[in-house]
Amino acid sequence: QVQLVESGGGLVQAGGSLRLSCAASRSIFSVSVMAWYRQVPGKQRELVATITGGGFTNYADSVKGRFTISRDSAKNTVYLQMNSLKPEDTAVYYCNRSPPQRVGGVDYWGQGTQVTVSS
């Protein structure tokens, strides 16, 4: 299995920017679709953005034009550049494969990184 560690979250004012990073324990980007997800307590986890092994990207309608997913294969790292942040973007953000990794029959998630956008 691949270990994924998210970082870069924090508290930011509405309209501001953050850059999230996801470090992988080994190179998987050439064969896996990578994704950023987010979740608010009590709500379903939402798929935010994906990037294929070939570098093609897709975004949820709610973040199109504001977020950009990218990767650096040499560093085994996936990024999410978040601009024009809104309070509605507040959530714990996770990176994972798409579909998510499974361990013991359940989806395997890392610690995530908290993003809080104040008004």
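Everything that follows concerns the structure shown earlier in this document.
Residues numbered from 1 in each chain as written. Predicted model: local features only at pLDDT ≥ 70, side-chain atom pairs only at ≥ 80, totals over all residues. Heavy atoms only, no water.

Participant: Can you lay out the nonpolar core for me, pointing to particular residues and giving the numbers?
Facilitator: Trp-36, Val-48, Phe-67, Leu-80, Met-82 and Tyr-93 are the most contacted members of the largest nonpolar core, which totals 27 residues. Per element, the largest residue contribution to this core is four residues, and it comes from strand S3 (residues 18-24). Counting residues in each nonpolar core, the second largest holds five residues, with Ala-35, Tyr-37, Val-92 and Trp-109 among its members. (Core = buried A, V, L, I, M, F, W, Y, C linked by side-chain atoms within 4.5 Å. Buried < 20%, exposed > 50% of the residue type's maximum accessible area, 1.4 Å probe, protein only. Helix = DSSP H or I, 4+ residues; strand = E, 2+ residues; numbered from the N terminus.)

Participant: Got a sec to walk through the side chain of Glu-6? Specific residues and values, please.
Facilitator: Tracing the sequence through the fold places Glu-6 in strand S1 (residues 4-7). It is Arg-45 that comes nearest to the buried, bridge-free Glu-6 among opposite-charge side chains, at 8.3 Å. A distance of 2.9 Å separates a polar atom in the side chain of Glu-6 from the backbone nitrogen of Cys-95. Within the structure, the side chain of Glu-6 is placed 3.1 Å from the backbone nitrogen of Gly-112, a separation counted as a polar contact. Not counting the four nearest positions on each side in its chain, Glu-6 is found in contact with Ser-21, Cys-22, Trp-36, Tyr-93, Tyr-94, Cys-95, Gly-110, Gln-111, Gly-112 and Thr-113. (Lys, Arg positive; Asp, Glu negative; His and termini not counted. Salt bridge = Lys/Arg side-chain N within 4 Å of Asp/Glu carboxyl O. Polar contact = N/O pair within 3.5 Å; in protein donor to acceptor, adjacent residues only side chain to side chain. Contact = heavy atoms within 4.5 Å.)

Participant: Describe in detail the state of the cysteines, supporting the description with residues and values.
Facilitator: Cysteine pairs can be linked by a disulfide, which is a covalent bond between their two sulfur atoms. Evaluated as defined, the whole model comprises one disulfide. What pairs with Cys-22 in a disulfide is Cys-95, and their sulfur atoms sit 1.7 Å apart. Taking the torsion about the sulfur-sulfur bond, which here is approximately 60 degrees, the covalent link between Cys-22 and Cys-95 counts as right-handed. Taken together, the positions of Cys-22 in strand S3 and Cys-95 in strand S9 (residues 91-97) put the pair 73 residues apart, joining distant regions of the chain. (Disulfide = S-S within 2.5 Å.)

Participant: Before we move on, can you summarise the sheet that holds strand S6 (residues 57-59) with the specific residues and values?
Facilitator: Taken together, six strands build an open sheet; the order of strands is S2-S12-S9-S4-S5-S6 and the sheet is mixed. The outermost strands of the open sheet, each flanked by one partner alone, are strand S2 (10-13) and S6. Taken over all neighbouring pairs, the strand axes of this sheet differ in orientation by 25 degrees on average, direction set aside. Here three bridges tie S9 to strand S12 (residues 113-118), and the two strands are oriented antiparallel to one another. The partner of Tyr-93 across the bridge, within S12, is Thr-113. (Pairing = 2+ DSSP bridges. Axes fitted to C-alpha atoms, helices over the stretch in contact; angles between N-to-C directions.)

Participant: I'd like a rundown of the pairing of S9, residues and numbers included.
Facilitator: Within S9, six of the seven residues are buried, leaving the element largely enclosed by the surrounding structure. Pairing analysis gives six bridges linking strand S4 (residues 34-39) to S9, with the strands arranged antiparallel. Each bridged residue has a counterpart across the sheet, and for Trp-36 the counterpart in S9 is Cys-95.

Participant: Give a detailed account of the packing of aromatic side chains, specifying residues and quantitative values.
Facilitator: Enumeration according to the criterion identifies two aromatic pairs in this entry. Considering the side-chain rings of Tyr-94 and Trp-109, the 5.7 Å spacing of their centres and the 65 degrees angle between planes classify their relative orientation as edge-to-face. One end of the pair, Tyr-94, is in strand S9; the other, Trp-109, is in the loop between strand S11 (106-107) and S12, and 15 residues separate them in sequence. Residue Tyr-94 is classed as buried on the basis of its relative accessible area, which comes to 11%. Three or more aromatic residues joined by ring pairs make a cluster, and in this case those are Tyr-37, Tyr-94 and Trp-109. (Phe/Tyr/Trp six-rings, centres within 6.5 Å; stacked < 30°, edge-to-face > 60°.)

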